[in-house]
Amino acid sequence: MKNKIVAIVVALGSAIFAAPAHAQITGTPATVGVNVTVPEILYLRTVSTINVTLTPADLGVAGLTASGSGFYNTTPDQAGTADTTPASTLNTTSPFTTATAATKTINGVYVVWSNSPRAGGVDIAVAKPGGADPGNGTDVVPMTVAPASNITGATANGLINPVTGTGVGSVVLAFDASDVPAGNYNTGGQVTITAAAP
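Reading the values: the criteria
- Residues numbered from 1 in each chain as written.
- Predicted model: local features only at pLDDT ≥ 70, side-chain atom pairs only at ≥ 80, totals over all residues.
- Heavy atoms only, no water.
- Helix = DSSP H or I, 4+ residues; strand = E, 2+ residues; numbered from the N terminus.
- Buried < 20%, exposed > 50% of the residue type's maximum accessible area, 1.4 Å probe, protein only.
- Contact = heavy atoms within 4.5 Å.
- Areas by Shrake-Rupley, 256 points an atom, 1.4 Å probe, with all protein chains shown as cover.
- Pairing = 2+ DSSP bridges.
- Axes fitted to C-alpha atoms, helices over the stretch in contact; angles between N-to-C directions.

Student: How would you sum up the overall build of the chain? Please name residues and give values.
Tutor: When helices and strands are counted, the chain shows 1 helix and 11 strands. Going from N to C terminus, the chain has its helices and strands arranged as α-β-β-β-β-β-β-β-β-β-β-β. Looking at the chain as a whole, 22% of its 198 residues qualify as buried. Look at the contacts in the chain between residues 6 or more apart in sequence, and 84% of them connect residues 24 or more apart. Surface summary for the chain: the accessible area is close to 14,000 Å², and the carbon and sulfur share equals 58%.

Student: An account of the sheet that holds strand β9 (residues 151-154) is requested, with residue identities and associated values reported.
Tutor: Spatially, 3 strands are ordered β9-β5-β11 in an open sheet, and the strand pairing comes out antiparallel. One side of each edge strand has no neighbouring strand; the edge strands of this open sheet are β9 and β11 (192-196). This sheet shows a mean twist of 10° between the axes of neighbouring strands, independent of strand direction. Here strand β5 (residues 122-127) runs beside β11; their pairing, made up of 5 bridges, is antiparallel. Within the sheet, the bridge partner assigned to A125 lies in β11 and is T194.

Student: Hey, could you go over the sheet that holds strand β10 (residues 169-176) for me, with residue numbers and the actual values?
Tutor: Two orientations exist for strands paired in a sheet by backbone hydrogen bonds: parallel and antiparallel. Ordered in space as β1-β4-β10-β8, the 4 strands form an open sheet in which the pairing is antiparallel. Of all the strands in the sheet, the pair left with one neighbour each is β1 (42-46) and β8 (143-145). On average, each strand axis in the sheet is inclined to that of its neighbour by 35°, with strand direction left out of account. Relative to β10, strand β4 (residues 101-114) is paired through 7 bridges, and the arrangement is antiparallel. Across the sheet, A101 pairs through a bridge with D176, a residue of β10.

See below:
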């Protein structure tokens, strides 16, 4: 009787440990939805300074020839005669009074990235704060921002491709060159660049 009990225990133990290691129960897969909230991003990168160089033609006279540190012109300005009489035939009208607004396109000023889902796209506006003209002492060079600087309803291309497509936006500035101030380096001008997703 004692031997039979031992035999049963041994048989049961063998059966338990001999069960296949990969035995499992598999149920039906459950599908779980995933929702991701992505923050809306509008990122503007700009330069710190815009440098603009006006040419002699911008000041109203084309064809000036450099001479040392200044400029001179030949005909028709080398005309007339002078003598000891009070009258003179020299033309004293400034050749620079015909200068008009010198328009300059400055490339590579800003770049904008946006993943805005809004239907209005992205607007980029360039403006000049009041009185922020380039100046030298009390003299200033009047400056305005041309409408071509502004972009309305540009496509938001995500955070890899910039808003402007090619990447870098331009600013168009117009300068009144009819009465430029003394000196050749005028600082203090400012423009503001604003990106918005309306």
